[in-house]
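Observations on the model geometry
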Amino acid sequence: MSLNETPSGERAHIGFFGRRNAGKSSVVNAVTGQELSVVSDVKGTTTDPVYKAMELLPMGPVVIIDTPGYDDEGALGEKRVKKTMQTLNRCDCAVLVVDVTQGLGMPEKELLSLFQKKEIPYLIAYNKSDLSGMSHADGIAVSAETGENIHALKERIARLLKTNEEGQRIVGDLVNRGDLVVLVVPIDSAAPKGRLILPQQQTIRDILDAGGVAMVLKENELAASLSILAKQPAMVITDSQVFARVSRETPEDIPLTSFSILMARYKGFLPAAVAGASQLKNIRNGDKILIAEGCTHHRQCDDIGTVKLPRWIRAYTGKEPECVFTSGREFPDDLSSYRLVIHCGGCMLNEREMRYRMKNTLDAGVPFTNYGTAIACMNGILSRSLRLFPELERLV
């Protein structure tokens, strides 16, 4: 991930939906100006959601998603429709593509109902307008074949998306100009060769944007560096894996938190994560714990999600729970069998999908937390880690 690239989790996700042969892929290709999706007269050509991260004017960095037909049939068709429905959970806005020669049928009405239920901003694009010439009060007439109204469609999509340029900050709202922020970044076998992981990159950039000074060091350099600094840091931010050591070596009068806690705040689920972490003490033998990551990566011998977290949980609780692992876009629909869900910081997922995963978990009556909050809790330093957010300390 280049520092110049906008990560997928920061891009607006635009989904194109409709029945088979409505021309979704043709409209996607026309909107993007690329042959992004395979186009064919054969029904069901798009068999899996197609994702494309790109710069699209006038919207800027986006992820375009072309989905399989919602009216697909048979055993495979049911699986494709399920994938389409899962795609809704990460869409910031939706475009319903309707074949103007067929009009709004049951598949389209079901999709509209889903958009409304999930509170997804949407618009209707009546494709193949070159065959009809009709106008539509509830949508926009377009033609992927001739390019008619494609530019207008892009402008309508842009208006659906949030345009709050300030938005939530990772840490910049807590940093004053000239503040020194110390970032503790372990470099071990799990660290990506030649680069920092995404939350670290994003945090550094946010500090710089706020006019702060970022000092990046490894955990074995912290104590010596703090002792020679002429200026006391405004805060220390650490990787969760070395939370305990960093807490011991950081004076109590210096605020301390973690990248993972900051990401939970940024993605809008920190209060739930704090409340969920308190349930670790109630884990019993045989309880199922879901440990979920939003990205996929090569597992190292001491991987934090599949190795370290289970080990720390067993040591903290004195119990033997059953840990289940998911990664990437995998996330169970039915969570009722789990006693707790522990999620990564979600840097590769957009805010809508993280909120969906949290809501789906809480709706099942299952506590939801994340790596950094759980690790701080198990090390007895969660209250200290939340001093920057006094409104949350009462939840500990």
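Residues numbered from 1 in each chain as written. Predicted model: local features only at pLDDT ≥ 70, side-chain atom pairs only at ≥ 80, totals over all residues. Heavy atoms only, no water.

**Regarding the overall build of the protein chain**
The number of helices and strands found in the protein chain is 14 helices and 14 strands. The buried share of the protein chain, taken over its 396 residues, is 52%. For the protein chain, the proportion of contacts with a sequence separation of at least 24, taken over those separated by at least 6, is 71%. Accessible area for the protein chain stands at about 18,100 Å²; split by element, carbon and sulfur atoms hold 49% of it. (Helix = DSSP H or I, 4+ residues; strand = E, 2+ residues; numbered from the N terminus. Buried < 20%, exposed > 50% of the residue type's maximum accessible area, 1.4 Å probe, protein only. Contact = heavy atoms within 4.5 Å. Areas by Shrake-Rupley, 256 points an atom, 1.4 Å probe, with all protein chains shown as cover.)

**Description of helix α4 (residues 150-160)**
Along α4, the residues classified as buried are Ile150, Leu153, Lys154, Ile157 and Ala158. All buried residues of α4 lie within an arc of 140° about the axis, which places them on one face of the element. Facing away from the buried side of α4 by over 90 degrees, the exposed positions are His151 and Arg159. If you follow the buried residues of α4, they end up packed against β1 (12-17), α1 (24-32), β2 (50-56), β4 (93-99), β5 (122-127) and β6 (140-141). (Arc of directions from axis to C-beta.)

**Regarding the packing of aromatic side chains**
Tallied over the full model, the rule gives three aromatic pairs. A ring pair is formed by Phe269 and Phe368, whose centres lie 5.5 Å apart and whose planes are at 80°; its orientation type is edge-to-face. Linking Phe269 in the loop between α8 (259-266) and α9 (270-277) with Phe368 in strand β14 (residues 368-370), this pair joins segments that are 99 residues apart in sequence. Residue classification places Phe269 among the buried positions, given a relative accessible area of 1%. Aromatic rings pair up to connect Phe17, Phe115 and Tyr122 into one cluster. Between Lys288 and the ring centre of Tyr338, over which it is positioned, the NZ or CZ distance is 4.6 Å. The aromatic ring of Tyr51 is capped on one face by Arg329, whose charged end is 3.6 Å from the ring centroid. (Phe/Tyr/Trp six-rings, centres within 6.5 Å; stacked < 30°, edge-to-face > 60°. Lys NZ or Arg CZ within 6 Å of the ring centre and 35° of its normal.)

**Considerations on the sheet that holds strand β12 (residues 322-326)**
Picture the strands of a sheet paired through backbone hydrogen bonds; they go either parallel or antiparallel. Sheet architecture is open: four strands sit in the order β12-β11-β13-β14, paired in parallel fashion. Each edge of the sheet is formed by a strand with only one pairing partner; in this case those strands are β12 and β14. Along the sheet, successive strands turn relative to each other by an average axial angle of 25°, direction set aside. The pairing of strand β11 (residues 288-292) with strand β13 (residues 340-343) spans four bridges and is parallel. Its bridge partner being in β13, Ile289 is matched across the sheet by Leu340. This element, helix α11 (residues 351-363), spans β13 and β14 of the sheet and lies at about 140° to β14. (Pairing = 2+ DSSP bridges. Axes fitted to C-alpha atoms, helices over the stretch in contact; angles between N-to-C directions.)

**What to know about the sheet that holds strand β10 (residues 256-258)**
One open sheet accounts for four strands, arranged β8-β7-β9-β10; its pairing is parallel. With partners counted over all chains shown, the strands left at the sheet margins are β8 (213-217) and β10, one partner each. Adjacent strand axes in the sheet meet at a mean angle of 25° when their direction is disregarded. Here four bridges tie strand β7 (residues 180-184) to strand β9 (residues 235-238), and the two strands are oriented parallel to one another. Pairing of Val181 across the sheet is with Met235, part of β9.

**Description of the pairing of β13**
Neither face of β13 is exposed, since Leu340 and Ile342 on one face and Val341 and His343 on the opposite face are all buried. In this sheet, β14 lies alongside β13 in parallel orientation, the contact comprising three bridges. Opposite Val341, over in β14, you have Phe368 as the bridge partner. The β-α-β motif built from β13, the intervening α11 and the parallel element β14 has right-handed crossover chirality. (Right-handed = clockwise from strand over helix to strand, strands pointing away.)

**Notes on the side chain of Thr257**
Structurally, Thr257 can be placed in strand β10. Assessed through its relative accessible area of 0%, Thr257 is described here as buried. Among the polar contacts listed, one links the side chain of Thr257 to the backbone oxygen of Ser385, at a separation of 3.2 Å. If we ignore the near neighbours within four places in the chain, the residues touching Thr257 are Val236, Ile237, Thr238, Phe243, Leu262, Ser385, Leu388 and Phe389. (Polar contact = N/O pair within 3.5 Å; in protein donor to acceptor, adjacent residues only side chain to side chain.)

**Looking at the pattern of salt bridges**
For the structure on display, the rule yields 14 salt bridges. A salt bridge links Glu252 to Arg384, with the nearest nitrogen and oxygen atoms 3.8 Å apart. Note that Glu252 is positioned in the loop between α7 (243-249) and β10 and Arg384 in helix α13 (residues 382-385), a separation of 132 residues in sequence. We classify Arg384 as buried; its relative accessible area is 6%. Across the pair Arg387 and Glu252 runs a salt bridge whose closest N-O atoms are separated by 3.0 Å. With Arg387 in the loop between α13 and α14 (390-393) and Glu252 in the loop between α7 and β10, this residue pair connects regions lying 135 residues apart in the sequence. Look at the salt bridges and you will find they share partners, linking Arg90, Glu353 and Arg357 into a network. (Salt bridge = Lys/Arg side-chain N within 4 Å of Asp/Glu carboxyl O.)

**A look at the packing of α9 against helix α12 (residues 371-378)**
The geometry of α9 relative to α12 is characterised by a closest axis approach of 9 Å and an angle of 35° between their N-to-C directions. Of the two possible hands of crossing, α9 and α12 adopt the one that is right-handed. The residues of α12 that touch α9, namely those facing Leu270, Ala273, Val274 and Ala277, are Thr373, Ala374 and Cys377. (Left-handed = near helix turned anticlockwise from the far one by under 90°.)

**Overview of α11**
With 13 residues, α11 extends 18 Å from end C-alpha to end C-alpha; this agrees with the ideal 18 Å at 1.5 Å per step. Where α11 is concerned, the buried positions are Glu353, Met354, Arg357, Met358, Asn360 and Thr361. Buried residues along α11 cover an arc of 160° about the axis, so they all sit on one side. Structural note: α11 exposes Lys359 and Asp363 on the side pointing more than 90 degrees away from its buried face. As for α11, its buried residues are in contact with α9, β13 and β14. (Expected span 1.5 Å × (residues − 1).)

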